[in-house]
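Read off the chains here:
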Amino acid sequence: MQKLAISRYTINNQRFDGKIKYALVSDLHSGKKTDIEPIIKALKDNSPDCILMPGDIFERLDGSRPEGKTAGYELIKRAAEIAPVYYSIGNHENGGTGSWNMIKWRKSFFIEKYFEQSELDKIFNCGATFLDDGFVIEDGIAYGGLTSGLINKERKPHVDWLDEFCKLECPKVLLCHHPEYYKKYLKGKNIDLIVAGHAHGGQWRIFGRGVFAPGQGIFPKYTSGVHDGRLVISRGLKPSGKIPRIFNTPEIVFIEINNS
Ligand SMILES: [Fe+2]
């Protein structure tokens, strides 16, 4: 069974009505050998009220990589049996196109956001609430999903809808795959909790710090932990692949919101 680190953070925020526990499940990058059992066990053992999946659960949803999808759908389905699941889109749902901004020739391979409706239907059918640059309000809390800008033609996130989201009076939780968007697009916004992944903890961790993350470069700031008391970053669930993880065990995060 795959080794899994469990991180727990407590955030105090009086705008929430009582305690709530979130699980942050990110960057599974579902492949042929993906083992979801440790994740399901951690979810069952920790009984979250809600499960937040801010993207990169899959590698491609456009129908071209069918071999790795089973574990991703199975994870969503079984997670949704434990607690409500909210799902937003990372850059790898579209195959990771555009991840490497500095390599110009990759632009010639760029594919604008495109998903097979049948694949999206499967996510719905697994029981997840799908958030694609939009939000829903459930039990007095607004859940928004900021889709990866790397799958938009202009390679930037569509943030216009956030104005309406931020004006809501209820507590607001934003799923945002890219932690590097925090500084540029989200820092000044009225959002109570932001959850992210993408950086995979910086892939190699030295003295508790990540070494590299796409979109942030060498020794990135946003790879793990809690920032400004409201941005929580998962180091992701994908085990070592072609590039090994060093001192960086795949991670599931539990966030307890305390209103005291
Ligand atoms: Fe990503």
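Up top is the structure.
Residues numbered from 1 in each chain as written. Predicted model: local features only at pLDDT ≥ 70, side-chain atom pairs only at ≥ 80, totals over all residues. Heavy atoms only, no water.

Draft legend 1. The arrangement of the overall build of the chain in detail. In terms of helices and strands, the chain carries five helices and 16 strands. The 260 residues of the chain split such that 57% are buried. Sequence separation of 24 or more characterises 71% of the internal contacts of the chain that already satisfy a separation of 6 or more. (Helix = DSSP H or I, 4+ residues; strand = E, 2+ residues; numbered from the N terminus. Buried < 20%, exposed > 50% of the residue type's maximum accessible area, 1.4 Å probe, protein only. Contact = heavy atoms within 4.5 Å.)

Draft legend 2. Quick look at the nonpolar core. Counting residues in hydrophobic clusters, the biggest one holds 33 residues, and the most contacted among them are Val25 and Met53. For this core, the secondary structure elements donating two or more residues are helix H1 (37-46), strand S3 (50-53), helix H2 (69-82), strand S4 (85-88), helix H3 (117-125), strand S5 (128-131) and strand S16 (251-258). With residues near it in sequence (within four places) discarded, Met53 still touches Val25, Leu75, Ile76, Ala79, Val85, Tyr86, Tyr87, Ser88 and Leu175. (Core = buried A, V, L, I, M, F, W, Y, C linked by side-chain atoms within 4.5 Å.)

Draft legend 3. Structural detail: the pattern of salt bridges. According to the stated counting rule, one finds five salt bridges in the structure shown. The partner of Lys187 in a salt bridge is Asp228, with the nearest N and O atoms 4.0 Å apart. Residue Lys187 is located in the loop between helix H5 (181-186) and strand S9 (193-196), and its partner Asp228 is located in the loop between strand S14 (225-227) and strand S15 (231-233); the two are separated by 41 residues in the primary sequence. With a shortest N-O distance of 3.2 Å, Arg235 and Glu251 are connected by a salt bridge. Taken together, the residues span a long stretch of sequence, with Arg235 in the loop between S15 and S16 and Glu251 in strand S16 at a distance of 16 residues. The same class applies to Arg235 as to Glu251, namely buried. (Salt bridge = Lys/Arg side-chain N within 4 Å of Asp/Glu carboxyl O.)

Draft legend 4. Spotlight on the coordination of the iron ion. Within the first shell, the iron ion binds the protein through Asp56 (OD), Asn91 (OD1), His177 (NE2) and His198 (ND1), at distances of 2.1 to 2.2 Å. Because the angles between the four donor atoms bound to the iron ion fall within 89 to 167°, the donor set is best described as irregular. One chain supplies every donor for the iron ion, spaced along it as D-x34-N-x85-H-x20-H. With Asn91 in the loop between S4 and H3 and His177 in the loop between strand S8 (172-176) and H5, the pair connects residues that are 86 residues apart, well separated along the chain. For the pair Asn91 and His177, a shared accessibility class is recorded, and that class is buried. (Donors = N, O, S within 2.8 Å, 3.2 Å for Na, K, Ca; no water. Tetrahedral: all angles 85-135°; square planar, octahedral: opposite > 155°, others 65-115°.)

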